[in-house]
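# Per-entry structural report
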Amino acid sequence: MTVAHTAVEETPLELTTSLHSTVTAHTDVLLKTAVTPVWSENRSIMTNILLDEGAQNSFITEDLARKLEIESTEKIALKISGFGGNEGQVHHLDKANIAIETVDNQRIEIEVIIVPKIAAPIQTKSQKEIKALPYLRGLRLAHPICAEDKFNISLLIGADYYWSIVEDEIIRGNGPTAVKSKIGYLLSGPVLTKNGSSSKQSAMLNILTDHRAVVCDLEKFWNLEALGVSGSDTIKSQSEVVREYGEKSIILEDGKYTAKLPWKLDFLPLPHNMEDNCKDGRDNPSLNECLETHPSVMNDITGILMRFRAKKYATTSDLEKAFLQIQLDEKDRDATRFLWLSDPTNTSSPLITYRFKSVLFGATCSPFILSATLLKHVKENPGKLSDTLENGLYVDNILTSFDNENDVIDYYRRSRELLTKGGFNLRSWNSNSPKLQEIASKEKTLDKDELPKILGMQWNAKSDKLFYQSNTFEMDKKGKLTKRYILRQ
């Protein structure tokens, strides 16, 4: 069978993450911990809880979420950084709803984010020392005194719900402070041992979260994807990432480039197509969620347009099916497997397993891979021509201009020859040069569109004028006007 516009082949995958941070400290300082039932519909489990108003969100461990059989309500991108970290890492996590049981058998509903792990266990040896404190006698403690030396946290309640649970009454004495809450009195503060000294042998929890990831990603979304411009420091770091990836993950074999997928260091194992539970959820990430989404290094659009208009004869061209010209590394192909009918005209025909051989259209890292491959190709073929191609490249389009018409023809010949060495076909040529139009027409490489799109504008090559087409935009089926729809026009 054939599949249009894709390269596949017929055929007969574990890493985890930990989102916690600990530092050595005086652990005879109690934190606000509690033990109380946590509910999900009709199922409840006695749960170890830490209340931390220094965290901006509330978190639940995957283990507890699995035991409660809670379902994801939505998937979010959240930037999380550990204690002492300058830069957080964006994680794609699930949200869910649970309820905490109060001392009067009421339930407080909270929204939590599901994470693999919250923190290392908290040492609780010093909790036994509070038995003898007279000002705490008779209080119903949220964390009852027990013989356990360690406290494994399964639920962290952050500032988003902290004051829905904690009340106003505070009791102070010669030891930890008691704060009344709807799940019992919470103790926090230093605890003196019998000899009046402090122990320094264990650790305490520190978590920093940044719920502004949506703002950060939105800014990056517009600056990098829509405009193609950013500060010089950012460009420099992106160029380093592209260069390193090109050196380690892209090779040229038999006139074709082969690239490895840029896997995240902390990606979860991909689900299998044949599993019944192969659906969105905390245990079943998509392929895109497992791949790095490095932005492709794109030229400044303003600079490209200036160079395109700077000289008398302008040219535009694009790379034919650019993504499909880059082969996928053999070791990564199994991650792209999918099922298809052996006979597409018969829905009852047996299923066949296929896998992609080339870079995928839908992968978020594909523009990065293409950019890295093209830059590697021109860098390994240095010269004035390569500089011209690099300066005029925007995704799979190349724009430039020349003073002399003979230079235009020379550029047409040599650029096609150079890119053919990397397995790319430079086609859809257009120019205000009559000679180039005639040659491209004879060789069937001329753009059939009389008004080709030039970076969001249209160009009339005969009159040599750039202009914007006026469009009336309509809402989509969901009543929304999206950036993707506008840019597609």
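Residues numbered from 1 in each chain as written. Predicted model: local features only at pLDDT ≥ 70, side-chain atom pairs only at ≥ 80, totals over all residues. Heavy atoms only, no water.

### Some details on the sheet that holds strand 29 (residues 465-467)
- The strand order across the open sheet formed by 3 strands is 27-28-29, and the pairing between neighbours is antiparallel. This sheet does not close on itself; its edge strands, each paired only once, are strand 27 (453-454) and strand 29.
- Judged from the 3 bridges that link them, strand 28 (residues 457-460) and strand 29 form a sheet pairing that is antiparallel. Looking at the pairing, W459 lines up with L466 of strand 29.
- Along the sheet face, helix 5 (residues 301-310) touches strand 27, strand 28 and strand 29 and points at about 10° away from the line of strand 28. (Pairing = 2+ DSSP bridges. Helix = DSSP H or I, 4+ residues; strand = E, 2+ residues; numbered from the N terminus. Contact = heavy atoms within 4.5 Å. Axes fitted to C-alpha atoms, helices over the stretch in contact; angles between N-to-C directions.)

### A closer look at the packing of helix 7 (residues 384-392) against helix 8 (residues 405-420)
- In the contact formed by helix 7 and helix 8, the axes pass within 11 Å of each other and the chain directions differ by 85°. On the basis of the axis angle, helix 7 is roughly perpendicular to helix 8. Taken together, the residues of helix 8 that come into contact with helix 7 (itself represented by L385, S386, T388 and L389) are Y411, R414, S415 and L418.
- Across the contact of helix 7 with helix 8, the residue classes break down as 4 nonpolar, 3 polar and 1 charged. (Parallel < 35°, antiparallel > 145°, perpendicular 65-115°, else oblique. Nonpolar A, V, L, I, M, F, W, Y, C, P; charged D, E, K, R; others polar.)

### Concerning the nonpolar core
- Ranked by size, the top nonpolar core spans 47 residues in total, and within it I369 and F424 carry the most contacts.
- Ranked by residues supplied to this core, first place goes to helix 6 (residues 366-379) with 7 residues.
- With residues up to four places along the chain from it excluded, the contact list for F424 reads Y257, L319, A322, Q325, I326, L370, T373, L374 and L419.
- Ranked by size, the runner-up nonpolar core spans 26 residues in total, among them I49, V112, Y161 and Y162. (Core = buried A, V, L, I, M, F, W, Y, C linked by side-chain atoms within 4.5 Å. Buried < 20%, exposed > 50% of the residue type's maximum accessible area, 1.4 Å probe, protein only.)

### Notes on the pattern of salt bridges
- Under the definition given, this model contains 20 salt bridges.
- Note that R243 is salt-bridged to E247, the shortest N-O span being 3.0 Å. A residue pair is termed a helical-turn pair when its members lie 3 or 4 positions apart in one helix, as R243 and E247 do in helix 4 (residues 232-249) at 4 residues.
- For E247, a relative accessible area of 54% gives the class exposed. (Salt bridge = Lys/Arg side-chain N within 4 Å of Asp/Glu carboxyl O.)

Purely spatial values, then, with no claim about function.
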